[in-house]
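Structural overview
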Amino acid sequence: MASTVLAQPGLRPVERRMRRKYSFTPAMDEEIRRAYHLFLEYNNRKAIGACARKLQLPKWRVTRRGAILGLARVKEPLWRAEEIAVLERWGHLTDGVIHRKLKAAGFQRSINGIRLKMKRLRIKQNLDGYSACALATAFGVDGHKITYWTNRKMLKATLRGTERTERQGGDTYWITHAAVREFVLAYPDEIDLRKVEKWWFLDLVTNGRIGCR
């Protein structure tokens, strides 16, 4: 057992629980480190609670032990301009892939920290491009049509680096604004003007000059 009760005569059960002491073994500390790794690096919010149940300890005792072990990092170091540049360059990819891109560039950030910074900078909202699903909607076609164009190298696209299996449809594409415009100019016969979103299409082909005088 992870806990022991002080055997003092005359104490009621509630008092005994309040005076309970906890001791930690190296194996228990390793379990706590593993739980914090899942929480900090992969944003697994259930990891610490699951660890507490496994060790038969209150969750507050596990978090206190985490603080003693130096695991409970409350605040990450300030972001450098070089790190933000990586986020802006690869923001259309998944958090896990961005994490690897940062690591390759010599920076260490948690998955949760990356997700929060991306949200604060509104990087995903300001991305220049479209998912395959969003582009299919804009063109008024089925998603398989986008796959057809990309497989035949008619439409340039990059994989987003998701972990979707083949059964789930595989990885998804990201297509930049410039790639879509290049495709439209090179293959106009592929476009059914009756189905496209009118103002989006006009903005695309005029390079943002629609409505300007």
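Structure: see above.
This write-up is about the structure you can find in this document. Because the structure is predicted, anything quoted here is derived from the model rather than measured. (Residues numbered from 1 in each chain as written. Predicted model: local features only at pLDDT ≥ 70, side-chain atom pairs only at ≥ 80, totals over all residues. Heavy atoms only, no water.)

Take the packing of aromatic side chains next. A complete count under the given rule lists seven aromatic pairs for this structure. Here the aromatic rings of Phe-139 and Trp-200 are separated by 5.2 Å at their centres, their planes lie at 85°, and the arrangement is edge-to-face. Taken together, the residues Phe-139 in helix α8 (residues 132–139) and Trp-200 in helix α11 (residues 198–205) connect sequence positions 61 residues apart. Of the two residues, Phe-139 and Trp-200, neither departs from the other in class, the shared state being buried. Of note, Lys-101 hangs over the ring of Trp-90, and the distance from its end group to the ring centre comes to 3.9 Å. (Phe/Tyr/Trp six-rings, centres within 6.5 Å; stacked < 30°, edge-to-face > 60°. Helix = DSSP H or I, 4+ residues; strand = E, 2+ residues; numbered from the N terminus. Buried < 20%, exposed > 50% of the residue type's maximum accessible area, 1.4 Å probe, protein only. Lys NZ or Arg CZ within 6 Å of the ring centre and 35° of its normal.)

The next point concerns the nonpolar core. Ranked by internal contacts, the top residues of the largest apolar core, which has 19 residues, are Leu-135, Phe-139, Ile-146, Val-180, Phe-183, Val-184 and Trp-200. Among the elements of the structure, α8, α9 (143–151), α10 (177–186) and α11 are those that each provide at least two residues to this core. Once residues within four sequence positions are removed from consideration, Val-184 is found in contact with Phe-139, Ile-191, Phe-201, Leu-204 and Val-205. Within the second largest apolar cluster, 15 residues are counted, among which are Ile-32, Tyr-36, Leu-40 and Ala-52. (Core = buried A, V, L, I, M, F, W, Y, C linked by side-chain atoms within 4.5 Å. Contact = heavy atoms within 4.5 Å.)

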